[in-house]
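Overview (structure and organization)
The primary structure of each chain is shown beneath.
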Amino acid sequence: MKKEEGKMEKIVSLAKRRGFVYQGSEVWGGLSGMWDFGPLGVTLKNNIKNSWWKKFVDDREDMYGLDAAIIMNSKTWEASGHLKNFTEKLVECSKCNAQFRADQLKENKCAKCGGELKEEQSFNEMFETNVGASKDSSSVAYLRPETAQGIFVNFKNIIDSFHPRLPFGIAQIGKAFRNEINARDFLFRTREFEQMEIEYFFKGEEWEKHFEDWRVSSWEWLNEIGLNKDVVHELDVEDKDRAHYSKKTIDFEYDFPFGRSELFGLAYRTNYDLTNHKLDYLDDREGERFIPHVIEPSFGVDRIVFALLNEAYTEDELGGEERVYLKFKPNLAPVKVAVFPLLKNKPELVAKAREVFEIVRKEIPQTMFDDNGNIGKRYRRQDEIGTPNCITIDFDTLEDDTVTLRDRDTGEQKRIKIEDIVSSISI
Ligand code: ATP
């Protein structure tokens, strides 16, 4: 794996300039570990989430969707073990008071000033808040550090409403919060992020088969969004590094610009959670009551956005000019088609371009109209946001109803009929 000098800065800067990702609360000096998604970032995230939901929920018969509340009864976190175990070892410098996660320090001294470190403490990463007007121990609540517990506590509700037979799964996409000791590396380690999680329930003795099935379908989805085996690597997590609930975990690691790190995890959580929530399953055919086990694929949306921006970022030369473009797979690109009039000050061209824009937009909602600046500038702007198809309306269009279609990656242009636009483009 190679670290690419300066690539991180280039991605962060493009993401800001072009409206993908902004620093959270920037006008007030920012807030560490928080990022805001701009218009293109929201669409990119939605495209990722929709593709995931389609593959793992809509296209299957054994999956149920859920959207549980972020704040849950605190007994949930006692039962799940998070109150006791969701901790990191915190060390503080006795000289400059900088704080670090002990496992991320290379040496036993302050990484900022070289000063001596105070004694290690345990730090629980859950954000605490109070529910209701009184602030006492009975009102304490936590922002969920994982969406999974919302799934476990609804296990019985889903069974009562739908009577699914094992194996089946529950999927949820939603925000999670962790008060990370050192938020860093752009979208990689943030304090507020989004997870796409599945708990897949089955009889305990079948765990190896289901683990393998989820490993394979996780790869299928990664390939669909353009992340393949050249850049994502499996790491079998050792006993000592696994979460408190897991018996086997594979971390799928990606070559981020700062180094190889976890993109998402696949864990066998046994029946640890359902046991602690005192929930079980009645197999009415066999007349048998037992506690199902689970496999959990847990994807972080923000880390996937980061990986996709990094994968897509390309610098090349086109027509003798240097350019930057995002090589998104068309299904993920936030803008799929851009429609331009060749000249902005010719009302007949603008009117025709608007007409074409409306035709295309009906079929492909992520279509954009752009008449700002000259045509070369518009192409460069669309390249920079990863638009795979640009359509230009010129004087010939007015004569014969043809337009030019330009391909983002090669810059090649061809003439096609307006009626063939939708069938000719990649989306
Ligand atoms: P790490 O070891 O990097 O802290 P983790 O093993 O604690 O991660 P999990 O608890 O397995 O992470 O969380 C599942 C997924 O949620 C991760 O694979 C990642 O995609 C995402 N995630 C976890 N923590 C963060 C974070 N602080 N910022 C962004 N995404 C995160």
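Presented here is a report on the structure given in the accompanying data block. (Residues numbered from 1 in each chain as written. Predicted model: local features only at pLDDT ≥ 70, side-chain atom pairs only at ≥ 80, totals over all residues. Heavy atoms only, no water.)

**Let's talk about the overall build of the protein**
A tally of regular secondary structure across the protein gives 13 helices and 24 strands. Along the first, second and third principal axes, the C-alpha atoms of the protein reach 75 × 65 × 50 Å. In the protein, which comprises 427 residues, the share counted as buried stands at 51%. Sequence separation of 24 or more characterises 65% of the internal contacts of the protein that already satisfy a separation of 6 or more. Carbon and sulfur atoms make up 46% of the accessible area of the protein, which amounts to about 21000 Å² in all. (Helix = DSSP H or I, 4+ residues; strand = E, 2+ residues; numbered from the N terminus. Buried < 20%, exposed > 50% of the residue type's maximum accessible area, 1.4 Å probe, protein only. Contact = heavy atoms within 4.5 Å. Areas by Shrake-Rupley, 256 points an atom, 1.4 Å probe, with all protein chains shown as cover.)

**Side note on the packing of aromatic side chains**
For the structure on display, the rule yields 31 aromatic pairs. Between W52 and F299 the ring centres are 6.3 Å apart and the planes differ by 75 degrees, which places this aromatic pair in the edge-to-face class. Of this pair, W52 sits in helix α2 (residues 39-58) while F299 sits in strand β17 (residues 293-300), placing them 247 residues apart in sequence. For the pair F264 and F299, a centre-to-centre distance of 4.1 Å together with 20 degrees between the ring planes defines the contact as stacked. Residue F264 is located in strand β14 (residues 259-270), and its partner F299 is located in strand β17; the two are separated by 35 residues in the primary sequence. Both residues of the pair, F264 and F299, belong to the buried class. Through a chain of ring-to-ring contacts, three or more aromatic side chains come together here, namely W52, W53, F56, Y200, W214, W219, W221, F252, F264 and F299. Its end group placed over the ring of F290, K203 keeps NZ or CZ at 5.4 Å from the ring centre. For the cation-ring pair, R354 lies above F369, with the distance from its terminal atom to the ring centre recorded as 4.1 Å. (Phe/Tyr/Trp six-rings, centres within 6.5 Å; stacked < 30°, edge-to-face > 60°. Lys NZ or Arg CZ within 6 Å of the ring centre and 35° of its normal.)

**Re the sheet that holds strand β7 (residues 121-124)**
Strand order in the open sheet made by the 3 strands is β6-β5-β7, with antiparallel pairing throughout. Each edge of the open sheet carries a strand with a single partner, namely β6 (99-101) and β7. Direction aside, the axes of adjacent strands within the sheet are offset by 45 degrees on average. Examined bridge by bridge, strand β5 (residues 87-92) and β6 share 3 bridges and lie antiparallel to one another. Counterpart to V91 in the pairing with β6 is F100. (Pairing = 2+ DSSP bridges. Axes fitted to C-alpha atoms, helices over the stretch in contact; angles between N-to-C directions.)

**A closer look at the packing of helix α1 (residues 7-17) against helix α9 (residues 301-312)**
Interhelical geometry of α1 versus α9 gives an angle of 105 degrees and a closest axis separation of 10 Å. By the angle between their directions, the pair α1 and α9 is classed as roughly perpendicular. Each of K7, M8, I11 and A15 in α1 lies in contact with α9, whose residues at this interface are F306, L309 and N310. Residue composition of the contact of α1 with α9, by class: 5 nonpolar, 1 polar and 1 charged. (Parallel < 35°, antiparallel > 145°, perpendicular 65-115°, else oblique. Nonpolar A, V, L, I, M, F, W, Y, C, P; charged D, E, K, R; others polar.)

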